[in-house]
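Structural description and commentary
Each chain, letter by letter, is given below.
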Amino acid sequence: MRSSNHLIGFVNFFTFLLSVPILGGGIWLSSRANNTDCLKFLQWPLIVIGITIMVVSLAGIAGACYRNTHLMWLYLFVMFFIIAALIGFIIFAYAVTDKGSGRPQVSRNYLDYYIQDYSGWLRDRVADNSYWAKYSSCIRDSKVCKKLGRTLNGVPETADMFYKRKLNPIESGCCKPPTECEYSYVNETTWTPTTGLTGTNADCTTWSNEQELLCYRCNSCKAGVLGSLKKSWRKVSVINIVVLIILVIFYVVGCAAFRNNRRIDNDEPYGEARMTKAQPSTFQL
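Our subject in this report is the structure included herewith. (Residues numbered from 1 in each chain as written. Predicted model: local features only at pLDDT ≥ 70, side-chain atom pairs only at ≥ 80, totals over all residues. Heavy atoms only, no water.)

**Topic: the overall build of the protein**
When helices and strands are counted, the protein shows nine helices and six strands. Expressed as a percentage of contacts within the protein between residues at least 6 apart in sequence, the contacts between residues at least 24 apart total 69%. Surface summary for the protein: the accessible area is close to 15800 Å², and the carbon and sulfur share equals 61%. (Helix = DSSP H or I, 4+ residues; strand = E, 2+ residues; numbered from the N terminus. Contact = heavy atoms within 4.5 Å. Areas by Shrake-Rupley, 256 points an atom, 1.4 Å probe, with all protein chains shown as cover.)

**A word on the pattern of salt bridges**
Taken as a whole, this structure holds four salt bridges when the rule is applied. With a closest N to O distance of 2.9 Å, aspartate 117 and arginine 103 form a salt bridge. Taken together, the positions of aspartate 117 in the loop between strand 2 (111–112) and helix 4 (121–127) and arginine 103 in strand 1 (residues 103–104) put the pair 14 residues apart, joining distant regions of the chain. Accessibility expressed as a relative area gives 32% for arginine 103, which makes it partly exposed. Here aspartate 112 and lysine 176 are joined by a salt bridge, their closest N and O atoms 2.8 Å apart. (Salt bridge = Lys/Arg side-chain N within 4 Å of Asp/Glu carboxyl O. Buried < 20%, exposed > 50% of the residue type's maximum accessible area, 1.4 Å probe, protein only.)

**Digging into the packing of aromatic side chains**
The description of two aromatic rings rests on the distance between their centres and on the angle between their planes. Taken as a whole and assessed by the stated rule, the structure comprises 14 aromatic pairs. Each ring, one from phenylalanine 92 and one from tryptophan 233, has its centre 5.9 Å from the other, and the planes form 55°; the classification is tilted. With phenylalanine 92 in helix 3 (residues 69–96) and tryptophan 233 in helix 9 (residues 219–265), the pair connects residues that are 141 residues apart, well separated along the chain. With a relative accessible area of 33%, phenylalanine 92 lands in the partly exposed category. Their ring planes at 80° and their centres at 6.4 Å tell us that tryptophan 132 and tyrosine 135 sit as a pair that is edge-to-face. Remark: tyrosine 135 and tryptophan 132 occur in helix 5 (residues 129–141); sequence separation between them is three residues, near one turn of the helix. When sorted by exposure, tryptophan 132 lands in the same class as tyrosine 135, which is buried. Through a chain of ring-to-ring contacts, three or more aromatic side chains come together here, namely Tyr110, Phe162, Tyr163, Tyr185 and Trp191. Here the guanidinium or amino end of arginine 108 rests over the ring plane of tyrosine 163, the centre of that ring lying 3.6 Å away. (Phe/Tyr/Trp six-rings, centres within 6.5 Å; stacked < 30°, edge-to-face > 60°. Lys NZ or Arg CZ within 6 Å of the ring centre and 35° of its normal.)

Pasting the structure below:
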């Protein structure tokens, strides 16, 4: 149809709109990198993909509305690599966050996190001492543990109240000792051993009531960061999968519009039959 050029114009407009959640996901990850997760390189692929889709969509709109074959060709060429990059990012996000989750604890609403439950490239990067010094400093500066304190009618919460809370991975891993250490609760970030040092977990001796230390040097804190990253990336990946499916559909429509532009440029009338029916033979038996 000749109206396919108008259709692709609308399609590219919606593609432009689809770039917003991708770019928004990258900005959301960036805000978490500054405040919580503290890994500041993971959001950039999404931001770059989102901006590129915006620019390419504008080229596609111009190409479709003005029947500019060169712009349409550029749109289809670049969009192919954008779709491939988005697929690669989704696969990468699921691959590096595939393993690991919190462990439920008896009489606790929150989970405990262990570094040995995670594996792969992301764990190695987070656990590396040269990187962890920056990550732990970022978490400490975010004051996530200081914000953990609660009061009820001016009275600090009790141990039973704290045990019923649902802590996020970083709060659980960095702001308190592991449950297996059997420390006695004083307040959200102050704990004392009940019968000397208990538990075989090295984090039991690493924990400190010093508010600038707490469990920032613990493996449980590193595991908490990994757990938080997994949740963040999975949320963004779900949105990316939906956007990817729609982009592929729009890309197919774009290919149809490109073929239509080529047909018009070649002065090939739409709907002309490529074969004509053969005339009946005058030869009769």
